[in-house]
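Structural characterization, general
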2 protein chains.
Amino acid sequence: MRHYRRAWLAGDLTAGLVVGIMIIPQSMAYAMLAGLPVQIGLYASILPLIGYALLGSSMTLSVGPVAVTGLMTATLLAPLATAGSADYLQLAIWLALLSGGMLLAFGLLRLGFLANFLSHPVISGFISGAAILIVLSQLPKMLGLAAWPDDPLTLSSSWDNSNSLVLAMGLTALCWLIYARSRLAAHLGALGLSATVAGLLARLAPILVVVLGVVLTLLADLPSHGVPVVGEIPAGLPALVWQPPDLSALRSLLLPAALISLVSFVESVSIAQSLARRKRQSIDPDRELLGLGAANIGAGLSGGFAVCGGFSRSSVNIEAGANTPLAGVISALVIGLILISIAPLFAWLPQVVLAVVILVAVVPLVDLASLRRAWRYDRAEGLTLLSTAAGVLVLGIEAGIVLGVCFAIVAQLWRGSRPHVAVVGRVPDTHYFRNTKRHLVETEPHLLALRIDENIFFANTKAVEQAISQALAEYPDTREVLLILSAVNHIDSTGLDMLSELTEGLRERDIRLHLAEVKGPVMDQLQHTDWIRQQIAQVFPSTDIAFNTLGKVRDRAPEHSGE
Amino acid sequence: MRHYRRAWLAGDLTAGLVVGIMIIPQSMAYAMLAGLPVQIGLYASILPLIGYALLGSSMTLSVGPVAVTGLMTATLLAPLATAGSADYLQLAIWLALLSGGMLLAFGLLRLGFLANFLSHPVISGFISGAAILIVLSQLPKMLGLAAWPDDPLTLSSSWDNSNSLVLAMGLTALCWLIYARSRLAAHLGALGLSATVAGLLARLAPILVVVLGVVLTLLADLPSHGVPVVGEIPAGLPALVWQPPDLSALRSLLLPAALISLVSFVESVSIAQSLARRKRQSIDPDRELLGLGAANIGAGLSGGFAVCGGFSRSSVNIEAGANTPLAGVISALVIGLILISIAPLFAWLPQVVLAVVILVAVVPLVDLASLRRAWRYDRAEGLTLLSTAAGVLVLGIEAGIVLGVCFAIVAQLWRGSRPHVAVVGRVPDTHYFRNTKRHLVETEPHLLALRIDENIFFANTKAVEQAISQALAEYPDTREVLLILSAVNHIDSTGLDMLSELTEGLRERDIRLHLAEVKGPVMDQLQHTDWIRQQIAQVFPSTDIAFNTLGKVRDRAPEHSGE
């Protein structure tokens, strides 16, 4: 704060104001998605912004209700209480408080690295699966249906019960928002507005739908035509809530809270990093944990809705010129002003408007481009992405993430279990050594040089052993085996046992085993083992030296030595 | 069979005879451990040996009841039926048949590699934990207690109820067996016997205890003094059993059967491999699966006791001169002869004798040497071993193995998540490049050469990124960054995304990124990506060439090119 520069103020003010207005429909919509009263979404846009501003490390990340935390709140709490009930509200509060506490604790324990175990395909699959779930949950509201029919075959008949007024409003709002997203900025630009202003105005398009919706309800008395509206909204700021927890309920919230913390953290950090890159700043994942923790505790205290960094709100923030977290504080003030002034008017807002706001926001989250890219790069990664998305859709959010993480880990082990082992030879007249199967190289008949292209660990010891045996069978004149360990970054004890038995087996056949290019950290660990001290003949600093030395030893007398 | 040589017959006959006699007490003891009638142990020493001889690949492995499968049968069936009941027997039969079927199926599908996911520390921890469980289960029988008191504090009072006759017999048998294991062979050798014969005689010491036990019971009517004996044993060979399965029971046996298959397979293969090495033979894991599958189906058909290769019986087999699986067939004949002749006499065998046979066999399985070695080599591996053993003791066999495997996998990921990244320079007047922190090397002020010593994948992308940023901060004059990928065997899509963003970030600071020593398989995968085609400045075949080329480009004009 002491370092705040005057020049930053204008940008922070504009950004705070624009974001504050822009997030009004979003916040209410995501609260609806979470099964909470819409004003909770607005409440969760005040204290969390201030909490994050105090502890977070990103200058421009904007935290608040987002679609994914909304969906997670709804699906994680669904088995525990009925949406809208007092129990449900209480659980939502505790979910936010617990995940805030966990995030703070992880931050203090510097456990930010835990998020690394979510690979990009898992995150992308999760987000896509969640987005599809959200679309499915909101479509009936836009189509004027009360809910999806239990039996898909009755869809056409339940169609007759749909409210065509709602459907018409929904389609109109949808067209306007799609237009606003794709063309409005360009058209405003053509009218002479600067690109930045045109872009920001286009981002505020949902506000117009909200205002029109409220006005239309008041003029035409829409509720009497069967159009569901938001319903009563208390005026004023949220009362800080503190109720003693129910221990058994808390226990059932532990896993959901952990999951929501993990997802919020991963999402926020990746958004914060891409923002920081644009401004050539850097962020500290452990401080992000603290900031998000404070934000979620703030969210819990003001009524309960787990929050996280949002991509679109943060983009608008940075585009509108935000320089520091002060912009977030100003957004919080804007929302506070709205709450003590016009918020009760939102009671007349048709729910279909919020459903359309959600739909337009989440459809782009279904990330087919990532799927195509992952699939093309590596089938296993494409499968990881697909299985995570399918897991989220079919088995639910928790099982989907767990499935994806397991799939990614197994794919990683599987890859490591099939090491590339190459017989190498000298590229003529150089000191380079290359795979005999890819290059024209020179070899020595009694010297078998093998480069092992993988860490040697439990999942591949058998495969490495087999590759070496096979190479020995192909080169029956071998008297000296040289293992080139330039690509071996670790040997675990299972691998060490295998190598030790292999060396013993070779010794019985009067073949000596040598090593070359052992990395420093690997040598540090090996130097006290019997294998390196007694069984290995020689350790060479480079393959070149090894070839020069061993290439000459053509007529070694049979011996059983370890030199 | 067609290739059978006459010269092998003598060895096979001797080995078959010695092993056949030696395994009588063992087989009965392990059946008792499994909660089965003791004759089932004898039955399980006939058909399985023949089944393995038909399909297995090891020349000298001896399969049959072993301590670990006995314990696993007992603990896996305990939640499903009362030990000794008809249901329990039926479940044991189905457990053996199911695991036999699974092993056969795995063999036909060539899934032998699955065993690789059990690392040595996990196997060692499991065996040690299981051995301790076995000791705990047999100690009361040796001490003359009916069972362990539920409350440890009442141990001293329940001591009063112990049978001192049983205790005395137990201690005597224990002393004799310990002496037989440690000294008897040497003492027999001193009497003029050859080392081999003395060794084999010492291995038959338990038979003496069995014979003495039976004689003593008959002479002194021990059961009337409260000494538990084995009880009725039917004469004759086992009737082949086939009962239609109960589907719900089968389903509950699936996981136990899979677990017992996995453990039997890993144990048998590691024993078979160490035996094969002694005789310079080789074994085929997939054929081992088939042999073990046939053995277990034989075990199931003859009354039910999952079998596996045993270390001590196989050692005796090879020491007594076994050359082919014919030795196993002869052992089976010996057991068959015993069953149709003197087996009913074993009814008078005191149970304490069998308990002592078990204790002496399993105490050496508690493998403190492996723990010490694993701990010294790598703390994480020591912890894996300990946590597997503790898991087996506290949570049970299934949870223990699962815990151990998870621990090993997480440790592996954890290690990969902390990559070693070295800034390298040229060793003066050579073409070698070494870590600047370990060696005196020459660097160029504007060229930062980094060697990444780990595959770049989701668990370490953040760490690699951070290491590169840190190196850039340490070398602020850097204009060219060279990533040396000699130790990178795979880059996953999460890593690729990071590298692509990193390259973009560097480009904005007018720093170019180059690669050197990209491995063939990595290049194959990368060559179609935008990263390598558009973002990377140059890819050099060697660090030497890269240094020679980039070292000269001192006065590059600022540009934004990807060449």
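Residues numbered from 1 in each chain as written. Chains lettered and ligands numbered in written order. Predicted model: local features only at pLDDT ≥ 70, side-chain atom pairs only at ≥ 80, totals over all residues. Heavy atoms only, no water.

With that settled, the discussion passes to the relation of the copies chain B and chain A. Under the fitted operation, chain B is carried onto chain A by 0.1 Å of movement along the axis and a turn of 179 degrees, and the coordinates agree to an RMSD of 0.3 Å. Expressed as a symmetry operation, the mapping of one chain copy onto the other fits a two-fold axis. No C-alpha of chain B approaches the rotation axis more nearly than that of Ala 487 of chain B, which lies at 2.0 Å. Residue by residue, 100% of the interface of chain B is reproduced at the interface of chain A, so both copies engage with the same surface. (Least-squares fit on C-alpha atoms with pLDDT ≥ 70 in both. Contact = heavy atoms within 4.5 Å.)

This part takes up the sheet that holds strand E8 (residues 539–540) of chain B. Residue and element names in this part refer to chain B. Taken together, six strands build an open sheet; the order of strands is E4-E3-E5-E6-E7-E8 and the sheet is mixed. If you trace the sheet from one side to the other, it starts and ends with strand E4 (433–435) and E8, each paired once. Bridging between strand E7 (residues 512–516) and E8 involves two bridges; their strand directions are parallel. Paired with Leu 515 across the bridge in E8 is Val 539. (Pairing = 2+ DSSP bridges. Helix = DSSP H or I, 4+ residues; strand = E, 2+ residues; numbered from the N terminus.)

What follows is about the UniProt feature "domain: STAS" (unreviewed entry) in chain A. In this structure's numbering, the residues bearing the UniProt feature "domain: STAS" (unreviewed entry) are residues 437–550 of chain A. Helix makes up 45% of residues 437–550 of chain A and strand makes up 16%, while its end C-alpha atoms are separated by 22 Å. (UniProt positions renumbered as here; feature names shortened; annotations may be inferred.)

Looking now at the interface of chain B and chain A. Contacts between chain B and chain A engage 57 residues on the former and 58 residues on the latter. Buried area between chain B and chain A, both sides added, is near 5,400 Å², and the carbon and sulfur share of it is 52%. Among the residues chain B hides against chain A, the three largest losses belong to Arg 277, Tyr 377 and Phe 458 of chain B. Together they make up 14% of the total. Here chain B is connected to chain A by six salt bridges. Close ionic contact of Asp 497 of chain A with Arg 373 of chain B constitutes a salt bridge, the shortest N to O distance being 3.2 Å. (Buried area = accessible area lost by both parts, 1.4 Å probe. Salt bridge = Lys/Arg side-chain N within 4 Å of Asp/Glu carboxyl O.)

A few words now on the side chain of Glu 465 of chain A. Following the sequence through the fold, Glu 465 of chain A ends up in helix H19 (residues 461–474). Take Glu 465 of chain A: its relative accessible area is 19%, and that puts it in the buried class. (Buried < 20%, exposed > 50% of the residue type's maximum accessible area, 1.4 Å probe, protein only.)

Below, the discussion takes up helix H4 (residues 67–77) of chain B. By the criterion of burial, H4 of chain B is predominantly enclosed, with 10 of the 11 residues buried. Among the residues of H4 of chain B, Ala 67, Val 68, Thr 69, Gly 70, Leu 71, Met 72, Thr 73, Ala 74, Leu 76 and Leu 77 of chain B are the ones counted as buried.

Our next topic: the nonpolar core. Residues Met 72, Phe 126 and Phe 346 of chain A together with Met 72, Phe 126 and Phe 346 of chain B are the most contacted members of the largest nonpolar core, which totals 259 residues. Once you skip the residues sitting within four places of it in the chain, Met 72 of chain A turns out to touch Leu 77, Phe 126, Leu 259, Ile 260, Val 263 and Ile 397 of chain A. (Core = buried A, V, L, I, M, F, W, Y, C linked by side-chain atoms within 4.5 Å.)

So, on to unusual backbone geometry. The phi torsion of most residues other than glycine is negative, and most of the peptide bonds are trans. Residues and elements named next belong to chain A. In this model, Asp 510 sits at a positive phi of 60 degrees, which is unusual for a non-glycine residue. Tracing the backbone through its elements, the reader meets Asp 510 in the loop between helix H20 (493–508) and strand E7 (512–516). Judged by relative accessible area, Asp 510 falls into the buried class, the value being 14%.

Attention now goes to the sheet that holds E7 of chain A. Residues and elements named next belong to chain A. With mixed pairing, six strands are arranged side by side in an open sheet as E4-E3-E5-E6-E7-E8. Two strands bound the open sheet, and with one partner strand each, they are strand E4 (433–435) and strand E8 (539–540). With respect to the sheet, H19 is in contact with strand E3 (421–426), strand E5 (447–452) and strand E6 (480–484), its orientation differing from that of E5 by roughly 155 degrees. Most of the contacts of helix H23 (residues 543–552) go to E6, to which it runs at about 175 degrees, and overall it touches E3, E4, E5, E6, E7 and E8. (Axes fitted to C-alpha atoms, helices over the stretch in contact; angles between N-to-C directions.)

Another point: the packing of helix H11 (residues 247–278) of chain B against helix H18 (residues 397–416) of chain B. All names here are of chain B. For the pair H11 and H18, interaxial distance at closest approach is 11 Å and the crossing angle is 60 degrees. In terms of axis orientation, H11 runs oblique to H18. Seen from above, H11 lies across H18 with left-handed handedness. In this structure, H11 contributes Leu 255, Pro 256, Leu 259 and Val 263 to the contact, and H18 contributes Ile 397, Glu 398 and Ile 401. Here the residues of the contact of H11 with H18 are counted per class, giving six nonpolar, no polar and one charged. (Parallel < 35°, antiparallel > 145°, perpendicular 65-115°, else oblique. Left-handed = near helix turned anticlockwise from the far one by under 90°. Nonpolar A, V, L, I, M, F, W, Y, C, P; charged D, E, K, R; others polar.)

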